[in-house]
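# An overview of the molecular structure
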Number of protein chains: 2
Amino acid sequence: MRIKCKNRKHLIDAAMGRVESDLCIANAKIVNVFNGQIYDGSVYITDGFINHVAFENDTLEAKETYDAKGKYLIPGIIDSHVHIESSMMTPYNFAKAVIPWGTTTVITDPHEIGNVLGIDGVTYMHNSSEGLPMRQFLDIPSSVPAVKGMENANATFYKEEIAKLAKLDRTIGLAEVMDYLAVIDGEEWMMDVIETALDNDLYLQGHAPFLSGKALSAYLIGGANTDHESRDSNEAYEKFRYGMRIDARDSSMCKNIPAILKGIEGTRYYDNLSFCTDDREADDILKNGHMNDVLNVAIQCGMDPIDVIKCATFNAAREANIDKLGAIAPGYVADILLMPTLDKIDPTEVFFEGKLVAKDHELQVEIKGGDFKEEQTNSVTLKDDLSTDDFTIKAPIENGTVKVNVMAFDTKDGSATHLETVELEVKNYQLCLQEGMMYVAVCNRYGLNNIALHVVKDFGTVHGALGSTVSHDSHNLTIVYDTPENALKCALNIKEARGGMSAVIDGETVYTLSLPLAGLMSLKEAKDLSKESELMKEANRKLGLDYMENPILRIVTLALPVIPDVKMSDMGLIEVNKKEFIPLFAE
Amino acid sequence: MRIKCKNRKHLIDAAMGRVESDLCIANAKIVNVFNGQIYDGSVYITDGFINHVAFENDTLEAKETYDAKGKYLIPGIIDSHVHIESSMMTPYNFAKAVIPWGTTTVITDPHEIGNVLGIDGVTYMHNSSEGLPMRQFLDIPSSVPAVKGMENANATFYKEEIAKLAKLDRTIGLAEVMDYLAVIDGEEWMMDVIETALDNDLYLQGHAPFLSGKALSAYLIGGANTDHESRDSNEAYEKFRYGMRIDARDSSMCKNIPAILKGIEGTRYYDNLSFCTDDREADDILKNGHMNDVLNVAIQCGMDPIDVIKCATFNAAREANIDKLGAIAPGYVADILLMPTLDKIDPTEVFFEGKLVAKDHELQVEIKGGDFKEEQTNSVTLKDDLSTDDFTIKAPIENGTVKVNVMAFDTKDGSATHLETVELEVKNYQLCLQEGMMYVAVCNRYGLNNIALHVVKDFGTVHGALGSTVSHDSHNLTIVYDTPENALKCALNIKEARGGMSAVIDGETVYTLSLPLAGLMSLKEAKDLSKESELMKEANRKLGLDYMENPILRIVTLALPVIPDVKMSDMGLIEVNKKEFIPLFAE
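What counts, and at which threshold
- Residues numbered from 1 in each chain as written.
- Chains lettered and ligands numbered in written order.
- Predicted model: local features only at pLDDT ≥ 70, side-chain atom pairs only at ≥ 80, totals over all residues.
- Heavy atoms only, no water.
- Helix = DSSP H or I, 4+ residues; strand = E, 2+ residues; numbered from the N terminus.
- Rg over C-alpha atoms; globule rule 2.2 N^0.38 Å.
- Buried < 20%, exposed > 50% of the residue type's maximum accessible area, 1.4 Å probe, protein only.
- Contact = heavy atoms within 4.5 Å.
- Areas by Shrake-Rupley, 256 points an atom, 1.4 Å probe, with all protein chains shown as cover.
- Lys, Arg positive; Asp, Glu negative; His and termini not counted.
- Charge placed at Lys NZ, Arg CZ, Asp CG, Glu CD.
- Least-squares fit on C-alpha atoms with pLDDT ≥ 70 in both.
- Buried area = accessible area lost by both parts, 1.4 Å probe.
- Salt bridge = Lys/Arg side-chain N within 4 Å of Asp/Glu carboxyl O.
- Polar contact = N/O pair within 3.5 Å; in protein donor to acceptor, adjacent residues only side chain to side chain.
- Nonpolar A, V, L, I, M, F, W, Y, C, P; charged D, E, K, R; others polar.
- Pairing = 2+ DSSP bridges.
- Axes fitted to C-alpha atoms, helices over the stretch in contact; angles between N-to-C directions.
- Parallel < 35°, antiparallel > 145°, perpendicular 65-115°, else oblique.
- Phe/Tyr/Trp six-rings, centres within 6.5 Å; stacked < 30°, edge-to-face > 60°.

## Remarks on the overall build of chain A
Secondary structure summary: chain A contains 15 helices and 29 strands in total. In terms of overall dimensions, chain A is globule-like: its C-alpha atoms have a radius of gyration of 25 Å, near the 25 Å expected for 587 residues. Here the C-alpha coordinates of chain A stretch approximately 90 × 50 × 45 Å along the principal axes. Within chain A, buried positions represent 67% of all 587 residues. Taking all contacts inside chain A whose residues are at least 6 apart in sequence as the whole, residues at least 24 apart take part in 68%. Counting only carbon and sulfur atoms, one obtains 46% of the accessible surface of chain A, whose full area is about 19300 Å². For chain A, the separation between the mean place of its 56 positive charges and that of its 90 negative charges on side chains is 3 Å.

Right, here's the structure in full:
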């Protein structure tokens, strides 16, 4: 992918001084990502590109000069992997939130909306990010749904969909190839997806949690060779040694950077290291920052700031095959940050394509939405005559005990689970749940009517019903509940809101967070949305998730059937590594 | 560019151990270019690709095992810029010569034969290198002829030719964009060539001797951002700082590595450093080696061998956008060298795509030529009735003195020149040359009949005639001579040989080196060709070039109108930086 310049000759003329440059950012300490040095100098910009970097006296005429007043000047920061949907904001509201922090380019994977609205959803993310004062590249979702045949999303992407979406202007890659079993088993449809992506000159983004040894070799042969899933030092070490590009992640939930940096300690080269947010919520961005915050974590771990900057700019662009992005040099795109120190990345000025777009954390440009039909579409189609029966597990015996296959969380804040077969008492066809257990329903919300019911243990809520249409990756309505009545009320709240989250206790709604765009996103800005999500968090805490900093994230991975050992979908309970369904009642 | 695997699923199966690997290279010290460490382990290969790297006990079954006996194992070496024609060998004879030294991939610029045979010539280089036990990629010549409008080659490449040649299977780039004036002047045809190359997903190879400051900025905006022309430390430093990729050169003539490494001393990153040979002759290759010799120069300069290896493998592949080449990791092409030490790169085993192709400097596979019409084509079409008159400068006055514009070499072994206007005596319409002067003729050899005659000073020969159809880049017949009689005999010798070089003294031929393929190359192997070229060198020394280690190289750049200040073509004497002709007789 190259970012096309409007008129190459004009840029050359500007470099040669035959025409005036548009802008000179003068009196800066320029961080050079090619040799790691810092130089006093000026950067000349024309048509959004750097047409000259003047060290010493090699100056040009410019229409306008911006005095950097001796601040450090670095390239705009690149997020190598992000799901904008996780911010619960639209692409343009996301832009408003992250630009002031210095994120000028993001490589997005719109697979959440892809599951809900299919090709239209991905196209919406593309079109609604057109013309923004930041750059939002698209990787095409490779795994819609996450695991084919085990869940019903509203779309299924095979090679035909990939080929179609590859034609969008800002498509650069195939997004995280999550179905690693399909890769290492060499499943035909996955081989087709890989070849289609390669034939369309896309880079392949990976997602390979816990893979090592031969399975990691097999996955890499599959062609996806980036990974943002390294959680411990050994995993990072092995992937790095195998040539996998590490996108070190600091999401709202997963803080992997310290372990990764420890794992690759002693490396002579950082060529294959970049950084990403993956999933960051609106209030996290508002309070703590975006990519700058991620970089500061790495700096706090003792990594040299210049190395950190290089990884988050030049390396990130190279990883995704984006030419002329991520450095301060002639011919490069003029995405530039100014900051008073390198010890903490906190830009005071953000230039996008040579235009000052944020200053002192305030946007300097107007960002507007547009008229997009997807923003008006109701994506939540539940069963018409929903009733408490739909949320009632009926035991196969009237009274006695029955063995139940229970999805048990390993910890009350992690997403890993295991299967427990538990003998439960039955009274009048009703299961008697034990301490720590709740019911769980995954209701198809795309008109299929099917609802899977199971029992979950150590989820964390202790009463009431907690429901969400944000439920990776097929985003069916997932409800963890104590009584069918609470579950029903929760479902109806969310239906009325056209998607979102709701908490109900003893028949009373505590709070409903409305996410009408694909049941995933609000149309509100970060400032307003974060207030609402704070209320939703409070409600979740009341249900029992009071030990979590961000309880909203608890339910959203319950139905993600790529995280071992067992997960739910609208089709039932799944043994992840075997891709097999597990019946509710054990033999 | 990616090197396609035959059957991805089969490779994945091999990684997972579902099928046997083809080969295991066991008991090796594996050099890892991702983190710079060395590991004991085994490399598994299937279908020419690495399907697994086993450290510790993570082994697989293989049909065959090769015991590396504790030797170092590194990726095959990549030459980032080479003109095979300069070896005076065909692509397949070149392969025979370089493979035993560990060069498994070369990125070639066939612009010599492009000038002589046009599209057919480039296509010949492509087709005659098909199926070799090494990889010869092509960059399409960007500057045929070197300077448009100032010389007559047998072909002119504009965007149409570039677009056509971009379709060849192994085309990966646009070759060294030499006409830097056309770039920094923004000439329309050059802008078209650049955009055509980019539209065809080619990387742009540069060539920017002496450019700095704004002109270097302008050149880089042109899109070509590699350079193998850095000669001094300052030049290398500035280019590196501007993000230009340095292909540090050690050709038979130009030994730039010490200066370059000194220039970039203290860099924190070597991401943008690679190595190249540019031009190496058959006997140089035979005696001293190929890329391994280049690498050893860098090691002797004090660069760490692992850094050197990374630059010549992973970096070189990345520079040219070649995926899955240049590292020992799953999914990478199995080009592998074994060697007993890293202190001196001298491979004892060379594996190409998993096959042992050389051992102890002996080829282990047969390499054959083919039936190519270009090898039978006579490319030398001189004036039919060539006579001594054609080589006689007639003064505009019968007797007296006349001012002559003389092409004066700055030194007797460098290629830089300057203009001297000298007052010469004339007797009976004949110029009386002064000490150190010779006549020079550049005769079009493509049927145009025009012959340019001038006077050269400090060329180095002191008597006789020295002629060559190897005469960069248009490769017209260039003769430096004392008398028209000797020049004529020299020309006729070369005509009879269908191209090559000839030395004549006092009407007697000293030696003629036959180069019948495009007047540039022999059809002989290195062993035989180097004997002949040794005889040619001896002959050149007899003419006065006895102070040069390789006198053959003296005449070949006399007519290269991209080297300042003045150069010759078949159209006359040229002021290089102005692109203007200079008349023989001064006002």
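## Remarks on the side chain of A:Asn486
Here A:Asn486 is to be found in helix α13 (residues 484–496). When its relative accessible area of 3% is taken as the criterion, A:Asn486 is described as buried.

## Quick word on the relation of the copies chain B and chain A
When chain B is fitted onto chain A, the two copies agree to an RMSD of 0.1 Å after a turn of 180° and an axial shift of 0.0 Å. Seen this way, the second copy is the image of the first under a two-fold rotation axis. Take the interface residues of chain B: 100% of them recur as interface residues in chain A, which is what a same-surface contact looks like.

## Concerning the interface of chain B and chain A
With 66 residues of chain B in contact, the opposing surface of chain A contributes 66 residues. In this assembly, chain B packs against chain A so that about 5700 Å² is buried in total across both faces, 53% of it on carbon and sulfur atoms. On the chain B side of the contact with chain A, B:Ile221, B:Arg241 and B:Tyr269 bury the most area, a combined 14% of that side's loss. Counting across the interface, chain B meets chain A through 18 salt bridges. Measuring nitrogen to oxygen at the nearest pair gives 3.9 Å for the salt bridge that ties A:Asp185 to B:Arg18. The interface formed by chain B and chain A holds 34 residue pairs in polar contact (both at pLDDT 80 or more) in total. Those elements that place two or more of their residues in the side of chain B that touches chain A are α1 (8–16), β3 (49–55), α5 (180–184), α6 (188–199), α7 (213–221), α8 (233–241) and α12 (305–319) of chain B. Per-element accounting of the side of chain B that touches chain A gives the leading share, seven residues, to α7(B). Of the residues assigned to the side of chain B that touches chain A, the class counts are 28 nonpolar, 19 polar and 19 charged.

## Focus on the sheet that holds strand β28 (residues 572–575) of chain B
All names here are of chain B. Spatial strand order, β27-β28-β29: three strands in an open sheet with antiparallel pairing. The outermost strands of the open sheet, each flanked by one partner alone, are β27 (566–569) and β29 (580–582). This sheet shows a mean twist of 45° between the axes of neighbouring strands, independent of strand direction. Inspection of the sheet shows β28 paired to β29 by three bridges, in the antiparallel sense. What sits directly across from isoleucine 574, in β29, is phenylalanine 581.

## Side note on the side chain of A:His290
All names here are of chain A. Relative to the elements of secondary structure, histidine 290 occurs in the loop between α10 (282–288) and α11 (291–300). Of note is the side chain of histidine 290, whose polar atom sits 2.9 Å from the side chain of threonine 103. Those residues in contact with histidine 290 that lie beyond four places of it in its chain are Asp79, Phe94, Val98, Trp101, Thr103, Val106, Thr277, Arg280 and Ile285.

## Some words on the pairing of strand β10 (residues 203–206) of chain A
Residues and elements named next belong to chain A. Of the two faces of β10, both are covered, the one formed by Tyr203 and Gln205 as well as the one formed by Leu204 and Gly206. As defined by bridge partners, strand β9 (residues 171–177) adjoins β10 across three bridges and the pair is classed as parallel. The residue bridging valine 177 from the neighbouring strand is glycine 206, located in β10.

## Describing the packing of helix α1 (residues 8–16) of chain A against α7(B)
The geometry of a pair of packed helices is captured by two quantities: the angle between their axes and the separation between those axes. Interaxial distance between α1(A) and α7(B) falls to 8 Å at its minimum, and their mutual angle equals 170°. By the angle class used here, α1(A) and α7(B) are roughly antiparallel. Taking contact as the criterion, the partners of A:Arg8, A:Leu11, A:Ile12, A:Ala15 and A:Met16 in α1(A) are, on α7(B), B:Lys214, B:Ala215, B:Ser217, B:Ala218 and B:Ile221. In the contact of α1(A) with α7(B), the residues fall into seven nonpolar, one polar and two charged.

## Side note on the packing of aromatic side chains
Tallied over the full model, the rule gives 22 aromatic pairs over all chains. Their ring planes at 85° and their centres at 5.5 Å tell us that A:Tyr124 and A:Phe372 sit as a pair that is edge-to-face. Here A:Tyr124 is found in helix α3 (residues 111–127), whereas its partner A:Phe372 is found in the loop between β17 (362–363) and β18 (400–409), with 248 residues between them in sequence. The exposure class assigned to A:Tyr124 is buried, which follows from its relative accessible area of 1%. With 6.5 Å between their ring centres and 70° between their planes, A:Tyr237 and B:Tyr39 make a pair best called edge-to-face. Note that A:Tyr237 is positioned in helix α8 (residues 233–241) and B:Tyr39 in strand β2 (residues 38–46), a pairing that runs across two chains. Through a chain of ring-to-ring contacts, the aromatic side chains of A:Tyr39, A:Phe55, B:Tyr237 and B:Tyr242 assemble into a single cluster.

## What to know about unusual backbone geometry
Residue A:Pro564 is joined to A:Asp565 through a cis peptide bond whose omega torsion reads -5°. Take A:Asp565: it is sitting in the loop between α15 (552–555) and β27 (566–569). With omega at -5°, the peptide bond leading from B:Val144 into B:Pro145 counts as cis. Note that B:Pro145 resides in the loop between β8 (135–140) and α4 (159–165). A positive phi angle, near 50°, is found at A:Asp506, a position not held by glycine. Within the secondary structure, A:Asp506 sits in the loop between β25 (500–505) and β26 (508–514). A positive phi angle, near 60°, is found at A:Ala518, a position not held by glycine. On the secondary structure map, A:Ala518 appears in the loop between β26 and α14 (526–545). Using a relative accessible area of 0% as the deciding quantity, one classes A:Ala518 as buried.

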